[in-house]
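# Survey of secondary and tertiary structure
The chain contents come next:
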Amino acid sequence: MTPAEPDRPVYRLLPEVHRSRDAELGHPLRSLLEVVEEELLRLRGDIDGLYDNWFVETCAERVLPYLADLLGPGDLTGVPGGAVPRRALVAHTLANRRRKGTHGALEEAARDITGRPVRVVEYFQLLGTTQNANHPRPGDVRTPDLRDTAGLALIGTPFDRTSRTVDVRHADRRRGRHNIGVVGLHLWRLTAHPCTGVDARAVDAAAGRWTFDPAGRDLPLFSRPRSAAAPAEETDVPAPLRRLRLHQELVALRTGSPSTLLDGPDPLLTVTLPDGPVEPARLICADLTGWDRPPAPSDGAAPQIAVDPALGRLTLPPGITPERVRVAYSYGSPGDLGAGPYDRRATLMTAIAAAGTPWPDAPDWQIAVSRDPAGSGDPSVAPPVPTVTTLGAAVTAWNERPDPRPGQVGVIAVQDSATYHEDLTGPQRILIPPGNRLIVLAAGGRPAALGAFGLRPHLTGTIEAAAPGGRAAETSQLVLDGLSVEGRITVAPGNLDSLVVSGCTLAGDRAAALPDGGLISADANPRLAVRLQRTVCAGVRLSDVPTLDLADSILGPRADGLALDAQSADVGIEASTVLGRTTARSLTVSDSILRDRAEVVWRQQGYLRFSYAPPDSHVPRSYRCQPADDAAAGRVAPAFDTLDPAAPGFGRLAARCPAEIAEGAENGEEMGAYRFLRQPRRLADLAGRLDDHVRFGLEAGVFLAD
């Protein structure tokens, strides 16, 4: 029998003599049977789909709620639209119920529900009780061992093993912990982002002072989850790396013992000098608050390098002054916001769509940028993509390309996480001819593929763009994605139609030597629409620019307190946090926080909905905003973990933040830039389903570990 083709299963079953005769007549029989085959294929697809829907691994997404109903009461479908693995949540339910009440079941269920690392602690095991001769508990001692430095450093953390007296307050209200029958689930909200091939910042190269952060800021290094084993240990959660823990790992290496953090193909941190990678055994952990240097090597010994994970600093011994030090490390942040090595492909497509014109499958012009061009690029590309070593050279190649015509699309892809000490201003500023479009992004591999993840390049200077000339039928657009900029982004007077800044971080330099560092500004572009998405910057200043849109972004704080100055623009703010004063011609705000006073010229236009604005603001009409009245003004105000841009919890709402703001967005989520994380819904979902996984007689509470 002739194998049936998927598109003509019936026609292929006919004898060859009939198919030959049908071909001679122009295929009238095949056309007739196509109607039958269409219904047959539809029926076959329906039967195959019904079979697939019997199993949670292959069923359609719409079938998951029905399979969840077969498992018993409770919502097992997870957070709609969130990062919760709904399919895994349903698939793991039966296994978790068989292990009900155990560490592994509780941690796995909590991870499935929240998508975050969790450590379960049985607090009834940590009660300081009178010992029973028939049931001795050698590890349960009332007084901590003051000589146990490692144990004392963990007091107050989820890894604390110190016994306590009884606390009768309820754990399910996040108040009491140490009581009979209490189980605590400690949840980490921060995420550890691994960075590789980063250029350390020379604070004082002659004195051997460097920082892991390419912007020269003090920021803690993070450990990152390395195992899904239960119970979760300190190396399995995204938390700041302690000095003592790093010291213990280094001592283990020197004594020949295995190291959990520094061994293997993916060590937690590495240091690379021009002559090659530094062996982990040559690292020493130290408190570098005073920038103490390790001693100079003697008798031909290899030099040691001091590392401070709490401050993100490293020092070199006297006599060693390399031109370049590269490091690999992990830093913490609440979510995928700003420049970072996370996967930005989805947000990049959103940014390109926001520019207003469909993006072609292949650009007309492209170039790659890498400080180490050897081995970079994609050799399979034909013709090969040229690679340069500076951003200035790439911009010059774009500006001076032959025969620029309206409608051309260009891509400049930065293919590493290096630091570029240059200014894209003056002769090297980005020129957008009429009707041309250019995207500058961090992307590895072939630039046309726009594989925007894994990289975090840093620019210490300023980016200036200009669109000289007249107006073309096509729009003139500039898109910046995935860049860390220490200076500012400015658009000179001209005819640019669209500026999109997506997944970028703009922060002032450490010495505050750059004027208006971290600022986005534009002047005298009468058709320009500025759009910020998943971006962190110090502020936005617009003059004679008609439109500004913010989404999932953080503005401020600035020294002068003015985060958004756009008196000539119609401003739209969606799920963003503005940490300073706001001025605009008209204002439309949803699910956002305006921390300081807002002044709007045209208050008859626009609105505020499900947002916060100070009571003394002059804004359009509001709907379900906070504070609701003067009586609530003194109590309802946003509270943040920190307003330091270098701190891991920058811009995140604190646990003490009033519920009117922490759960005041339209869908019950938090107001501000981190609404997309859906944290309140995840915590409520976990708290509501703990009874399904805790055995009878136990009380469970959810506690925030960071």
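Everything quoted here is computed from the prediction, not taken from an experiment.

Criteria and thresholds
- Counting from 1, residues in each chain are numbered in the order their sequence is written.
- Reporting of local features is limited, given that this is a predicted model, to residues whose pLDDT is at least 70; pairs of side-chain atoms are given and counted only at 80 or more, and all residues count toward the totals for whole chains, interfaces and linings.
- Excluding hydrogens and water, the side-chain figures rest on all heavy atoms present in the structure.
- Any carboxyl oxygen of Asp or Glu that lies within 4 Å of a side-chain nitrogen of Lys or Arg is treated as forming a salt bridge with it.
- A run of H or I in DSSP counts as a helix once it spans at least four residues, and a run of E counts as a strand once it spans at least two, with each numbered from the N terminus.
- Note on classification: 1.4 Å probe, protein chains only; a residue is buried when its accessible area is under 20% of the maximum for its type, exposed when over 50%, partly exposed between these limits.
- Patches here are clusters of residues that have more than 30% relative accessible area and form no salt bridge, with a 9 Å joining cutoff for like charges and a 5 Å cutoff for nonpolar side chains (Val, Leu, Ile, Met, Phe, Trp, Tyr).
- Surface accessibility follows the Shrake-Rupley procedure with a 1.4 Å probe radius. Residue values consider only the protein chains on display as shielding.
- Whether two strands pair depends on DSSP finding at least two bridges between them.
- Axis definition: a line fit to C-alpha positions, over the contact stretch in the case of helices; interaxial angles, taken between N-to-C directions, run 0 to 180 degrees.
- Any two residues whose heavy atoms approach within 4.5 Å at even a single point are treated as in contact.

## Quick notes on the pattern of salt bridges
Tallying each qualifying case throughout the model produces 40 salt bridges. Two residues, Arg111 and Glu107, come together in a salt bridge whose shortest N-O distance is 3.7 Å. In this pair, Arg111 and Glu107 both sit in helix 6 (residues 103-114), 4 residues apart, roughly one turn of the helix. Judged by relative accessible area, Glu107 falls into the buried class, the value being 0%. Taking the shortest distance from any N to any O, the salt bridge between Arg169 and Asp167 comes out at 3.0 Å. On the basis of relative accessibility, which here comes to 40%, the residue Arg169 falls in the partly exposed class.

## As for a nonpolar patch on the surface
A surface patch of nonpolar side chains, about 420 Å² in accessible area, is lined by Tyr51, Trp54 and Phe55. By relative accessible area, Trp54 is classed as exposed at 69%.

## Remarks on the sheet that holds strand 38 (residues 699-704)
Taking strand neighbours across the sheet as the criterion, the 3 strands line up as 1-2-38 in an open arrangement whose pairing is mixed. Edge positions in the sheet fall to strand 1 (118-122) and strand 38, since each has one partner strand and no second. Taken over all neighbouring pairs, the strand axes of this sheet differ in orientation by 25 degrees on average, direction set aside. Bridge count between strand 2 (residues 182-187) and strand 38: 6 bridges; the pairing is parallel. Considered in strand 38, the bridge of Val182 is made with Glu699. Those strands touched by helix 6 are strand 1 and strand 2, and its axis lies near 145 degrees from that of strand 1.

## Here we look at the pairing of strand 2
Most of strand 2 sits inside the fold, with 6 of its 6 residues counted as buried. Of the two faces of strand 2, the one carrying Val182, Gly184 and His186 and the one carrying Val183, Leu185 and Leu187 are both buried. Pairing geometry for strand 1 and strand 2, over 5 bridges, is antiparallel. Across the sheet, residue Val121 finds its bridge partner in strand 2, namely Gly184.

## So, unusual backbone geometry
Cis geometry marks the peptide bond from Gly556 to Pro557, where omega comes out at -5 degrees. Relative to the helices and strands, Pro557 resides in the loop between strand 30 (554-555) and strand 31 (562-574). Along the chain, Gln626 connects to Pro627 via a cis peptide bond; the corresponding omega equals -5 degrees. Within the fold, Pro627 resides in the loop between strand 37 (622-623) and helix 11 (630-633). Here Asp552, not a glycine, exhibits a phi torsion of approximately 55 degrees, which is positive. Inspection of the secondary structure puts Asp552 in the loop between strand 29 (547-551) and strand 30. With a relative accessible area of 14%, Asp552 lands in the buried category.

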